[in-house]
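# Residue-level structure breakdown
Below are the chains, spelled out letter by letter.
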Amino acid sequence: MTSAGRGGAERVDAERLAALPPLPADEDGPVFEAPWQAQAFALAVRLSEIGYFTWKEWAGTLADELAAAEARGEPDDGSRYYHHWVAALERLVVDRRLSSSAALDDCREAWADAYRHTPHGQPVELGRAD
Amino acid sequence: MDESEGRPVDRRGFIKDAAVGAAAFAAPGKLMADQTESHDHSHGHDHDHDHDHQDVPPDIALRVRALESVLVEKGMVTSAALDVIVDTYENRIGPRNGAEVVAKAWVDPAYRERLLADGTAAIGELGHLGGQGEHMKVVENTPEVHNLVVCTLCSCYPWPTLGLPPAWYKSSAYRARAVIEPRTVLSEFGLDVPEDVEVRVWDSTAEIRYLVLPERPAGTEDMSQEELAGIVSRDSMIGVARVEAPAGGPSGGDQ
């Protein structure tokens, strides 16, 4: 489990992408509908590069999440692919004790609060002092 | 599958080379933006403006933010490393939307007029506005005026039109220096703006975002709207590049 180089990655190679449940993509690679999707994509890529989990484990967790969604009767049209991606990421992060559900929930609430209380045009930041 | 392939990478330099240091925000005095009092605050984020808060992003986006914040805080990942990955996909959302808008404005004078008068509505005509309700203002480059877009305080960016913001756009160096020394910044992007051309810097906010309508290059008179859309770069719509006619273009001429 060596750490990937400090520079991070070039585009994720085709082999790793092919190991995933088919993700929204065109001939030139993954496509994203919103920035949060790309951010979630990058998180999974980076965490596996560093070695917190293997890419194979990641692909398996994501596949489980997609299968669970299908079992719940959600449409399998790819529209919620990255929702499941995020759910899988949260699950793996908690499973590996990188964080806890409670910590993630608290942090999400803190972000929502930060948005609610930050005036337009100002950077939204998490409060630290309080 | 092996998680351990280390693949160090040389990223393109861009303005990132200059991104070290230059932390201070610019005094916004020179900005052309119709900015309101909101950008005049220089103090912290601890006051409540209940009438004036920002829209809370969708829950799913907050969950991603939470994941990132928690992991960054624990030192497990760095935002910079994530940016590097995202950056390689920066053209992978909505990349052609803005180009389509520009190309249409070039070939359709009535559309151009509507676009400059009410960017939000005209871009909406093409179905490219996101659900965030931000207002789009389109600013036109001319032989006399060159426009440059920045968000000095954060990284407001019209992503439904331009895709993911490039990392340099989010860098504190670009955000500060685009205002203080726009000509220098532009020349670092390889764009030398003649002294007699006015440079206008537009500061995006949460409620208003800017799109540059670049000049249509000479030698493209015979190109179709679709072909034109193919030569409009994202950078030209931020204002850090010109649109160039394709080398050995249709006419082969050099007017």
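Residues numbered from 1 in each chain as written. Chains lettered and ligands numbered in written order. Predicted model: local features only at pLDDT ≥ 70, side-chain atom pairs only at ≥ 80, totals over all residues. Heavy atoms only, no water.

The next thing to look at is the environment of B:L67. With respect to the helices and strands, B:L67 occurs in helix α1 (residues 59–73). When sequence neighbours within four positions are dropped, the list of residues in contact with B:L67 reads A:L43, A:V86, A:L89, A:E90, A:V93 and A:L104. (Helix = DSSP H or I, 4+ residues; strand = E, 2+ residues; numbered from the N terminus. Contact = heavy atoms within 4.5 Å.)

Quick look at the packing of aromatic side chains now. All names here are of chain A. A complete count under the given rule lists 15 aromatic pairs over all chains for this structure. Centroid distance F32 to F41: 5.3 Å. Interplanar angle 65°. Geometry classified as edge-to-face. By relative accessible area, which is 0% here, F41 ends up buried. Judged by centre distance (5.3 Å) and plane angle (45°), the rings of Y82 and W85 are tilted. Placement of the pair is Y82 and W85 together in helix α4 (residues 81–95), with a separation of 3 residues, close to one helical turn. Put simply, the rings of F32, F41, F53, W58, Y81, Y82 and W85 pair up and form one aromatic cluster. Above the ring of W55, the side-chain terminus of R16 is found at 5.5 Å from the ring centroid. (Phe/Tyr/Trp six-rings, centres within 6.5 Å; stacked < 30°, edge-to-face > 60°. Buried < 20%, exposed > 50% of the residue type's maximum accessible area, 1.4 Å probe, protein only. Lys NZ or Arg CZ within 6 Å of the ring centre and 35° of its normal.)

Moving on, we get to the packing of helix α3 (residues 55–71) of chain A against α4(A). Residues and elements named next belong to chain A. The interhelical angle for the contact between α3 and α4, taken along N-to-C directions, is 125°, at an axis separation of 9 Å. Compared by their axis directions, α3 and α4 come out oblique. In the crossing of α3 with α4, the sense of the turn from one axis to the other is right-handed. Contacts between α3 and α4 involve E57, W58, T61, L62, D64, E65, L66 and A69 from the first element and Y81, H84, W85, A87, A88, L89, R91 and L92 from the second. Looking at side-chain class alone, the contact of α3 with α4 contains 10 nonpolar, 2 polar and 4 charged residues. (Axes fitted to C-alpha atoms, helices over the stretch in contact; angles between N-to-C directions. Parallel < 35°, antiparallel > 145°, perpendicular 65-115°, else oblique. Left-handed = near helix turned anticlockwise from the far one by under 90°. Nonpolar A, V, L, I, M, F, W, Y, C, P; charged D, E, K, R; others polar.)

This paragraph deals with α4(A). The terminal C-alpha atoms of α4(A) lie 21 Å apart, and with 15 residues this matches the ideal 21 Å at 1.5 Å per residue to within 8%. Looking one or two residues beyond α4(A), the residue adopting positive phi is A:R97, at roughly 55°. (Expected span 1.5 Å × (residues − 1).)

Another point: a negative patch on the surface. Negative charge collects at one region of the surface, where B:E144, B:E195, B:D196 and B:E215 lie side by side. B:D196 sits in the exposed class, given a relative accessible area of 69%. (Patch = residues over 30% accessible without salt bridge, like charges linked within 9 Å, V, L, I, M, F, W, Y side chains within 5 Å. Areas by Shrake-Rupley, 256 points an atom, 1.4 Å probe, with all protein chains shown as cover. Salt bridge = Lys/Arg side-chain N within 4 Å of Asp/Glu carboxyl O. Lys, Arg positive; Asp, Glu negative; His and termini not counted. Charge placed at Lys NZ, Arg CZ, Asp CG, Glu CD.)

Any region with low pLDDT has predicted coordinates that should not be read closely. Residues and elements named next belong to chain A. Confidence in the prediction for chain A averages 80 pLDDT; 80% of positions are at 70 or higher. Strand β1 (residues 25–26) is the least confidently modelled element of chain A, averaging 70 in pLDDT, while α4 averages 94, the highest of any element. With pLDDT under 50 throughout, residues 1–9 is counted as low confidence; its partners more than four residues away or in other chains account for 28 contacts. (pLDDT = per-residue confidence, 0-100.)

Next up on the list: the packing of α4(A) against α1(B). Two packed helices can be described by the angle between their axes and the distance between those axes. Direction vectors running N to C along α4(A) and α1(B) enclose 30°, while the axes themselves pass 10 Å from each other. By the angle between their directions, the pair α4(A) and α1(B) is classed as roughly parallel. Our pair here, α4(A) against α1(B), has a crossing hand that is left-handed. For the pair formed by α4(A) and α1(B), the contact residues are A:H83, A:V86, A:A87, A:L89, A:E90 and A:V93 on the first element and B:I60, B:R63, B:V64, B:L67 and B:L71 on the second. Looking at the contact of α4(A) with α1(B) residue by residue, the classes come out as 8 nonpolar, 1 polar and 2 charged.

Further remarks concern the nonpolar core. Counting 99 residues, the largest nonpolar core has A:L20, A:F41, A:W58, A:W85, A:L89 and B:Y174 as its most contacted members. Per element, the largest residue contribution to this core is 9 residues, and it comes from helix α2 (residues 35–50) of chain A. When residues no more than four places from it in sequence are discounted, the contact partners of A:W58 are A:L20, A:A44, A:F53, A:W85, A:A88, A:L89 and A:L92. (Core = buried A, V, L, I, M, F, W, Y, C linked by side-chain atoms within 4.5 Å.)

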